Amino acid sequence: MVIVTGGGTGGHLYPGLAAASALLEAGEPVTYVGALGGIEERVLPESGLPHHLIPAGKLSRDALRPKEGKKVLQGLWAARQLVRDLRPKAVLSMGGYAGFPVAFVAALQGIPMIIHEQNAKLGLANRMLAQLARRVTLATPIELAPGLARKTQVVGYPVREEKRPPAEARAALGLEPNRPTLLILGGSQGSQELNEQLPERLYPLLGKWQILHQCGVRWEEKLKALERPHYFVRGYVDSVLAWSAADCAITRGGAGTLSEAAYHQVPVLGVPLPRHLDGGAQWANVGFYAERGAALRLESWAQFEAELNTLLDPSTRAQIRDRLGGLSPAGAARRLAQIVLEAV
Ligand SMILES: CC(=O)N[C@H]1[C@@H](OP(=O)(O)OP(=O)(O)OC[C@H]2O[C@@H](n3ccc(=O)[nH]c3=O)[C@H](O)[C@@H]2O)O[C@H](CO)[C@@H](O)[C@@H]1O
């Protein structure tokens, strides 16, 4: 049996579930470990996977504060007991609150431990875990020190590999089937910044376009008041339908969001979280695509008008679509499962 762990946000949980499915398909039983309070508390019971939830805190400078530090220690203690009881052949950590303690104690107990970094930049927890890991797997190529590079492999980001015809996806979402569609995707929790900045700036497009604005469940009621004909607000959307429906998108810079855009070949104007809030992960994620001419990155709202016009220009979009091909290749979950099984 292999433990797969990771969650807290969609960006860590969904690729973890995809990796778990690939391991099961390869004939390897899996137990999933998530954090109490993360979205996995709701999603794991629906997944049908054997699973455990442990207390876990965020590993950051905040861990030096007594309240957060106590949670990190509780997580390490719970992970130690769990790994001892379950005796897995290997642990695959996708990151997030539960990922760190489980991977850390497994490595200390001599169990092969593999990490997957979704962002185009190693986070704090993965910088530490990478030293102890048997293998380091990445969604996108990142420059690493030679010692790490030797055990590192780029496998891609495990996205849901499903596409629907645009008209069918739009109808399923309650939109007009044949109208050009701009998607706003705020990420698993919604984005306050996109919610505040975008509706007013985008109303002028509604003569030609329709807009699907995913705003986050906790903002849904407030944002619903901003709906107009052809402007549709949703708290949470099915990601396969949303990407299949979209001609272009304005999004945050989560690794999941951008990998899905690449898989569906939808041109994106990315608005990354400010670097001081996430250590620059989203800035690097959008940068990875922008440097390849495969996305646009908003550097300040003063440039929004110009960037939006570039995004809406049909020849720019055709060029971006071309460049996106191959940047999120299918089969990432299968490649990841293979590496885990080789490490056992
Ligand atoms: C605030 C924060 O720490 N963000 C991080 C978090 O992003 P976060 O989890 O918020 O965002 P991601 O884009 O990585 O993933 C969101 C996932 O949820 C899905 N989704 C979202 C909204 C919706 O309505 N329906 C839906 O299905 C998306 O399709 C995607 O699969 O983890 C990512 C992966 O490590 C990082 O890149 C981000 O920097």
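Here the structure is a predicted model, which means the values were calculated and not measured.

*Asks:* Before we move on, can you summarise the sheet that holds strand E1 (residues 2–5) with the specific residues and values?
*Replies:* Sheet architecture is open: 7 strands sit in the order E3-E2-E1-E4-E5-E6-E7, paired in parallel fashion. Looking along the sheet, the strands with just one partner apiece sit at the ends: strand E3 (51–54) and strand E7 (152–154). Strand-to-strand twist across the sheet, computed as the mean angle between neighbouring axes with direction ignored, equals 20°. With 4 bridges connecting them, strand E5 (residues 113–117) and strand E6 (residues 135–138) associate as parallel partners. Residue Glu117 lies in a different strand from E6, and its bridge partner there is Leu138. Strand contacts of helix H4 (residues 99–108): E1, strand E2 (30–35), E3, strand E4 (90–93) and E5, with the helix running at about 150° to E4, the strand carrying the most contacts.

*Asks:* Give a description of the UniProt feature "binding site: UDP-N-acetyl-alpha-D-glucosamine" (unreviewed entry) in the chain that names residues and reports values.
*Replies:* The positions UniProt marks with the feature "binding site: UDP-N-acetyl-alpha-D-glucosamine" (unreviewed entry) are Thr9, Gly10, Gly11, Asn119, Arg160, Ser188 and Gln282. Checked against the lining of the largest cavity, the annotated residues just named reduce to Asn119. Position of Gly11 among the secondary structure elements: in helix H1 (residues 10–25). According to the relative accessible area criterion, Gly11 is partly exposed, its value standing at 25%.

*Asks:* Talk me through the UniProt feature "domain: Glycosyl transferase family 28 C-terminal" (unreviewed entry) in the chain; I want residue IDs and the actual numbers.
*Replies:* In this numbering, the UniProt entry assigns the feature "domain: Glycosyl transferase family 28 C-terminal" (unreviewed entry) to residues 181–299. Summarising residues 181–299: 39% helix, 19% strand, and an end-to-end C-alpha distance of 24 Å.

*Asks:* Let's hear about the nonpolar core: which residues, and what values?
*Replies:* Side chains of a nonpolar character, in soluble globular proteins, are inclined to be buried together. Counting residues in each nonpolar core, the largest one holds 53 residues, and the members touching the most others are Leu182, Leu202, Ile250 and Phe304. Phe304 has contacts with Leu198, Arg201, Leu202, Ile250, Leu269 and Leu298, leaving out every residue within four places of it along the chain. Of all hydrophobic cores here, the second largest spans 24 residues; its members include Ala19, Ala20, Leu92 and Ile114.

*Asks:* Pulling in residues and values, what's your account of the layout of surface pockets?
*Replies:* Approximately 220 Å³ is the volume found for the second largest pocket. Around the second largest pocket, the lining residues are Gly8, Tyr14, Ile39, Arg42, Ser188, Gln189, Gly216, Val217, Arg218 and Tyr236. When residues of the lining of the second largest pocket are sorted by domain, at least three fall in each of domain 1 (2–159 + 330–343) and domain 2 (166–324).

*Asks:* A description of the pattern of salt bridges should follow, citing residues and the corresponding values.
*Replies:* The full count for this structure, using the stated rule, is 8 salt bridges. Between Arg160 and Asp238 there is a salt bridge, with its nearest N and O atoms 3.7 Å apart. Of this pair, Arg160 sits in the loop between E7 and helix H7 (166–172) while Asp238 sits in the loop between strand E10 (231–234) and helix H10 (239–245); the two residues are 78 residues apart in sequence, bridging distant segments of the chain. Residue Arg160 is classed as partly exposed on the basis of its relative accessible area of 41%. Across the pair Asp247 and Arg170 runs a salt bridge, and its minimum N-O distance is 3.1 Å. A residue pair is termed long-range when its members are at least 10 positions apart, and Asp247 in the loop between H10 and strand E11 (248–251) and Arg170 in helix H7 qualify at 77 residues. With relative accessibility at 23%, the residue Asp247 sits in the partly exposed group. Residue class for Arg170 comes out buried when judged on its relative accessible area of 8%. Taken together, the shared-partner salt bridges connect Arg160, Glu162 and Asp238 into one network.

Cut-off values and rules
Numbering of residues starts from 1 in every chain and runs along the sequence as written. The model is predicted, so local features are restricted to residues of pLDDT at least 70 and side-chain atom pairs to those at 80 or more, both for listing and for counting; the totals for chains, interfaces and linings are taken over all residues. Hydrogens are left out, water is left out, and the side-chain values use all remaining heavy atoms of the structure. One bridge is not enough; two strands pair if DSSP finds at least two bridges between them. For helices the rule is a DSSP run of H or I covering at least 4 residues; for strands it is a run of E covering at least 2, with both sets numbered from the N terminus onward. Axes, fitted as lines to C-alpha atoms, cover a helix only where it is in contact. Angles between the N-to-C directions of the axes lie from 0 to 180 degrees. Contacts: residue pairs with any heavy atoms within 4.5 Å of one another. UniProt positions are given in the numbering used here, feature names are shortened, and annotations may be inferred rather than shown by experiment. A 1.4 Å probe that fits into a set of points on a 1 Å grid over the protein atoms alone but cannot get out defines a cavity; an open set with protein on both sides within 12 Å along at least five of seven lines defines a pocket, and lining residues are those with an atom within 4 Å of a point. Think of it in three bands: with a 1.4 Å probe and only protein chains considered, a residue is buried below 20% of the maximum accessible area for its type, exposed above 50%, and partly exposed in between. Residues belong to one nonpolar core when they are buried, are Ala, Val, Leu, Ile, Met, Phe, Trp, Tyr or Cys, and are joined through side-chain atoms within 4.5 Å. Grid points are joined across faces, edges and corners, and a volume is the space filled by probe spheres set on the points. Just so you know, the domain bounds were taken from an automatic or database domain assignment. Between Lys or Arg on one side and Asp or Glu on the other, a salt bridge is scored when a side-chain nitrogen of the former is within 4 Å of a carboxyl oxygen of the latter.

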